[in-house]
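Each chain, letter by letter, is given below.
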Amino acid sequence: MSETILYEAIDLEALRHKDKHAFVRLVDQYSDRIYRVGLKMLGTEQDAEDVLQETFIKALNNIEKFEGRSKLSTWLYRIAVNESLMLIRKRKDTHISLDTDVETDQNDLLPRQITDWCCLPEKELVNSETRQHIRTAIDELSIANRAVFLLRDVEGLSTKETAEVLDISKSAVKVRLMRARMQLREDLTGFFAPRIPKEQL
Amino acid sequence: MNHAHHLNCKDILANMNDYIDGELEQSVCEEIEAHVMDCPNCTIVLSTLKKTIHIYQVDGQETQVPDDVRQRLFKNLNLDQTGK
């Protein structure tokens with residue numbers, strides 16, 4: 001909902017004419033989202049800043065190539081994800097594909113730990129120790145699963161939009177999201193289970 | 001795990017994401033809900049999965065660009081933060 005409102009508030013024609021007011025509105029409205037992509041994909045504030053800078057520099061230099069067939073946000077997310085992947089490739093000196101290994105093996109997805117930790121109070125579920133653990137768990141997702149999880153569950157993009165940003169099929173988005181969610185659920189279960197009061201087990 | 005209903009636990013698991021995301025037909029949702037009601041394990045997996053998503057959303061969406069990073073961004077883009 002807010003996405004539509006923000007998208008409509010940006011004057012595309014003004015952007016194409018390099019209007020600085022329009023650029024400022026663009027940066028104001030999308031910088032938090034782009035920064036989060038960099039931070040979650042790469043894990044450090046310095047890398048997140050690099051992704052942020054490069055994304056907007058490329059967006060401003062290439063705005064005339066944006067045809068308006070997708071949302072402006074989808075286009076920006078795509079630039080940010082590509083920048084993130086480029087930095088990861090540089091670090092690891094390896095090729096990374098987002099469209100491999102999406103065969104569905106249900107056994108991969110079977111839950112291993114069945115403990116109900118939903119009874120824990122909200123303040124314990126999102127305190128600073130938990131947050132640190134959460135960030136580490138995200139870093140441990142594969143890059144392809146992390147990208148899907150980030151766009152779908154943190155940024156709130158639809159399956160279709162996520163598929164467009166990452167240039168993969170909608171079914172690949174669904175498989176990757178399921179893997180990411182289940183891996184994170186397992187991880188949080190291992191983290192929270194010892195904290196459940198014995199009388200509630 | 002419980003097998004009294006038409007869908008078994010593996011079916012529930014395969015459809016759990018679409019169920020959480022509201023992307024299933026009403027009739028399938030009803031079958032899932034009937035199974036989950038009688039299956040403690042699926043109840044726990046579903047509730048902890050929903051809670052997992054909630055926790056990550058709360059943490060993720062609170063992240064904002066720090067002020068110094070924002071200032072450097074505007075400087076490098078040759079933009080004034082007031083839009084001049």
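All figures in this text were calculated on a predicted structure; none of them were measured in a lab.

**Topic: the packing of helix α11 (residues 170-192) of chain A against helix α3 (residues 40-61) of chain B**
Here comes step 1: Closest axis-to-axis distance for the α11(A)/α3(B) pair is 9 Å, and the angle between their directions is 95 degrees. As far as their axial angle goes, α3(B) and α11(A) are roughly perpendicular. On α3(B), the residues that touch Arg181(A), Leu184(A), Arg185(A), Leu188(A) and Thr189(A) of α11(A) are Thr48(B), Leu49(B), Thr52(B), Ile53(B), Ile55(B) and Tyr56(B).
Here comes step 2: Residues that form the contact of α11(A) with α3(B) fall into these classes: six nonpolar, three polar and two charged.

**What to know about the interface of chain A and chain B**
Here comes step 1: Taken together, the 38 residues of chain A in the interface contact 32 residues of chain B.
Here comes step 2: Residue assignment for the side of chain A that touches chain B shows that the elements contributing at least two residues are α3 (20-42), α4 (45-62), α6 (106-109), α8 (128-139), α9 (143-154) and α11 of chain A.
Here comes step 3: The greatest single-element share of the side of chain A that touches chain B, amounting to eleven residues, is contributed by α3(A).
Here comes step 4: When its residues are assigned to classes, the side of chain A that touches chain B shows 22 nonpolar, five polar and eleven charged.

**With respect to the domain arrangement of chain A**
Residues and elements named next belong to chain A.
Here comes step 1: When cut into domains, chain A gives domain 1 (2-92) and domain 2 (106-200).
Here comes step 2: One C-alpha centre belongs to domain 1, the other to domain 2, and the line joining them spans 25 Å.
Here comes step 3: Facing the twelve residues of domain 1 at the interface are 13 residues of domain 2.
Here comes step 4: Looking at the side of domain 1 that touches domain 2, the elements that each hand over two or more residues are α3 and α5 (72-92).

Cut-offs used in this document
Residues numbered from 1 in each chain as written. Chains lettered and ligands numbered in written order. Predicted model: local features only at pLDDT ≥ 70, side-chain atom pairs only at ≥ 80, totals over all residues. Axes fitted to C-alpha atoms, helices over the stretch in contact; angles between N-to-C directions. Helix = DSSP H or I, 4+ residues; strand = E, 2+ residues; numbered from the N terminus. Parallel < 35°, antiparallel > 145°, perpendicular 65-115°, else oblique. Contact = placed C-beta atoms within 7 Å. Nonpolar A, V, L, I, M, F, W, Y, C, P; charged D, E, K, R; others polar. Domains from an automatic or database assignment.

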